[in-house]
Amino acid sequence: MNTYHRKGYDPSPLPVSGGWKETDPVAFRKFCHIGPLRCENDAVIPSVTMAYETFGTLNADRSNAVLILHALTGDGHVTGEAAPGQSTPGWLPAIVGPGKIIDTNRYFVLAPNILGGCQGSTGPSSTHPDGQPWGSRFPVVSTRDQVNAEIRLADALGIDRFHLVIGASMGGQRALEWGIMAADRVDNLVVIASGPTTTADQSAWAHTQIQAVTLDQHWNGGDYYNQEEGPARGLGLARQIAHTTYRSAHELATRFDRIPQGNEDPLHGGRLAVQSYLDHHGQKLARRFDAGAYVTLCRAMLTHDIGRDRGGVSMALSLVQARTLVIAVDTDRLFSPSQSLTIASGVRGAYYREIRSDFGHDGFLIEAEQTTELLHWFLSTPGMQAQPTVASTAHELQ
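For every chain, the first residue of the written sequence is number 1, and numbering continues from 1 along that sequence. Local features in a predicted model are, by the rule used here, given only for residues with pLDDT of at least 70; side-chain atom pairs are given and counted only at 80 or more, and totals for whole chains, interfaces and linings are based on all residues. Remark: hydrogens and water are excluded; side-chain values derive from all non-hydrogen atoms of the structure.

Looking only at helices and strands, the protein features eleven helices and ten strands. Computation of the radius of gyration draws on C-alpha atoms alone. For the globule rule, the value is 2.2 Å times the number of residues to the power 0.38. Here the C-alpha atoms of the protein give a radius of gyration of 21 Å, agreeing with the 21 Å that 2.2 N^0.38 yields for 398 residues. Expressed along its principal axes, the backbone C-alpha trace of the protein runs to roughly 65 × 50 × 40 Å. Taking all 398 residues of the protein together, 55% fall into the buried category. Taking all contacts inside the protein whose residues are at least 6 apart in sequence as the whole, residues at least 24 apart take part in 73%. Only the protein chains shown count as cover for residues, and all accessible areas are computed by the Shrake-Rupley method using a 1.4 Å probe. With the model as given, the accessible surface of the protein reaches about 17000 Å², and the carbon-plus-sulfur share is 53%. One way to put it: in the protein the 32 positive side-chain charges average out to a point 1 Å from where the 40 negative ones average out. A run of H or I in DSSP becomes a helix once it reaches four residues, and a run of E becomes a strand once it reaches two; helices and strands are each numbered from the N terminus. Partly exposed describes any residue whose relative accessible area lies between the buried limit of under 20% and the exposed limit of over 50%, with all areas from a 1.4 Å probe on protein chains only and scaled to the type maximum. Here, residues are in contact when the closest pair of their heavy atoms is within 4.5 Å. Charged-residue counts in this description rest on Lys and Arg as positive and Asp and Glu as negative, His and the chain ends being excluded. Every charge is mapped onto a representative atom, which is NZ of Lys, CZ of Arg, CG of Asp or CD of Glu.

Below you can see the structure in the form of C-alpha cells.
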C-alpha cells in the first residue's frame, strides 16, 4: 500500500454526482422551457429546459447579441465570481466583461448550458417526467440536437440574429453548426481550436473516456443517482485521459520532467509530479461534474460531422454566410491546426490565424492576450473584404 502523504489531496468522499442539482441555489442561472425536442435519431425528450446566463443589455433593435458556446465541461458562467450553486468562477474573464473585447457595456451576451450537460439544462441527472432522474433513459443527443435546442432558446428570447457566435473546442463544433443550421442568423462567426468532424483520433480518445466511466463498478448502466456512491473514480480517470490531450508534450516535459511528487519514490510505488497533477484534475472535476453528462457529451462529440447528409464537408462549409475567423493553437494535439485550416479553406472569405503557445489545446484559454488581439482585429473592422486564407499568428497582425 502506498503510504506517502499526498499534498493537496482532499480526503473527503467524492459526490455521487458533482453536477448542479435542482435543489441547489440557482446562482446566476436563468431558465427557459423550450418544450419537447425530437432528436436526430427520432428519440423525443418530452420537455427540455435550457439553463443560461446573460451579461449586458439587449438593445432596442436587438442587434448586439453575442452567443458564447462552452466546451465539454464548461458552463454558461463565462465571467464573474463563484457563488453558492456555482462552484467555479467565470472561465473567460479576460475576454468577456465591461471594457473587455466582448464588452458587456456594448454587447448582450447569451451563454447557454449545453443540452445533455449537468449545469441546469436537461441532461441525464435532470428529473424525468416520472419524478426520477433520467439516467440511462436519456437519449443520445447529437451536436445538431444541441444546436437545435440553442436555436429554440434564442427564439424564445426573441433574438433573431447574433452579431457574433463564438465557441472553442466542443463549443467550436456547435458554433460551426450554428453557421450552417442558422446561416441567416449569424453575422460574425469565430471557431477556435475545433474541427468540421470528430476525427478517428479524437473518437479514440472519447471512447477511452467513455469506457473509463462506464466500467466503473458504480456506473450501474447510468442509473446511479440514488446510490450511496457514484462512478466518480471513473469520471476522474476520464478527466485525466482528456487533460493529457489538452496539454502539449513539450509543456508537460518542461513543467514536470522526471520530478517525483514531494517525497514519493516511484521505485517504491510513489508518483511522479505529473501523476499527481493528473490525479488533482481528475478529483477536481469529479467534485463539480456529473458522470452521466460526461458520457452523454462524449457521445455527442462522436456524432459531430458537418458533412453528414449535406453532401460532405466541403458542401456543408459552403453554406456558411457569416464573416468567419478560424483560430488554431499551433501546439494543439487534440484539434490539430490542419482541422482549423480545413474550415477556413472551405468557408468563403474566411480568415485563419494561429495562437502560439507551449500549452497545447488549452492555449486558447491560457493565451488570452493573443485571443483578445485576434478578436479585436476581426471585430473592429466589420466592413473589410476578406482576403485569401493565409496561415499566420496573432503577432503578425501588428
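Buried residues dominate strand S6 (residues 108-112), accounting for five of its five residues. Because side chains alternate across S6, one face comprises the buried residues Phe108, Leu110 and Pro112, and the other comprises Val109 and Ala111, equally buried. Pairing between strands is defined by DSSP: at least two bridges between them are needed. Alignment of strand S3 (residues 65-69) against S6, held across three bridges, turns out to be parallel. The partner of leucine 67 across the bridge, within S6, is leucine 110.

A few words on the nonpolar core. The biggest cluster of nonpolar side chains holds 45 residues, and the ones touching the most others in it are Phe162, Val165, Trp178 and Leu189. Ranked by the residues each element gives to this core, the list is headed by helix H1 (residues 143-156), at five residues. Contacts of phenylalanine 162, omitting those with residues within four sequence positions, involve Ala65, Val66, Leu67, Leu110, Ala154, Trp178, Arg185, Val186, Asp187 and Asn188. By convention a nonpolar core is built from buried Ala, Val, Leu, Ile, Met, Phe, Trp, Tyr and Cys residues, the set being connected through side-chain atoms within 4.5 Å. Among the nonpolar cores identified, the runner-up in size contains 30 residues, and Val16, Ala238, Ile241 and Ala291 belong to it.

Next up on the list: unusual backbone geometry. The residue aspartate 42 is not glycine, and still its phi comes out positive at about 75°. Take aspartate 42: it is sitting in the loop between strand S1 (30-38) and strand S2 (44-55).

By secondary structure assignment, the location of threonine 324 is in strand S9 (residues 323-329). Placed 272 residues apart in sequence, threonine 324 and tyrosine 52 show a C-alpha to C-alpha distance of 25 Å. In this structure threonine 324 touches Leu189, Val347, Ala350, Tyr351 and Phe378, once residues within four positions along its chain are discounted.

For this analysis, a salt bridge means a side-chain nitrogen from Lys or Arg found within 4 Å of a carboxyl oxygen belonging to Asp or Glu. The final tally for this structure, using the stated rule, is 14 salt bridges. A salt bridge links arginine 233 to glutamate 229; the shortest N-O distance between them is 2.5 Å. Given the relative accessible area of 59%, arginine 233 is considered exposed. Note that arginine 271 is salt-bridged to aspartate 279, the shortest N-O span being 2.7 Å. Classification of arginine 271 by relative accessible area gives buried; the value is 6%. Several salt bridges converge on common partners, so that one network encompasses Glu40, Arg144, Glu177, Arg308 and Arg310.

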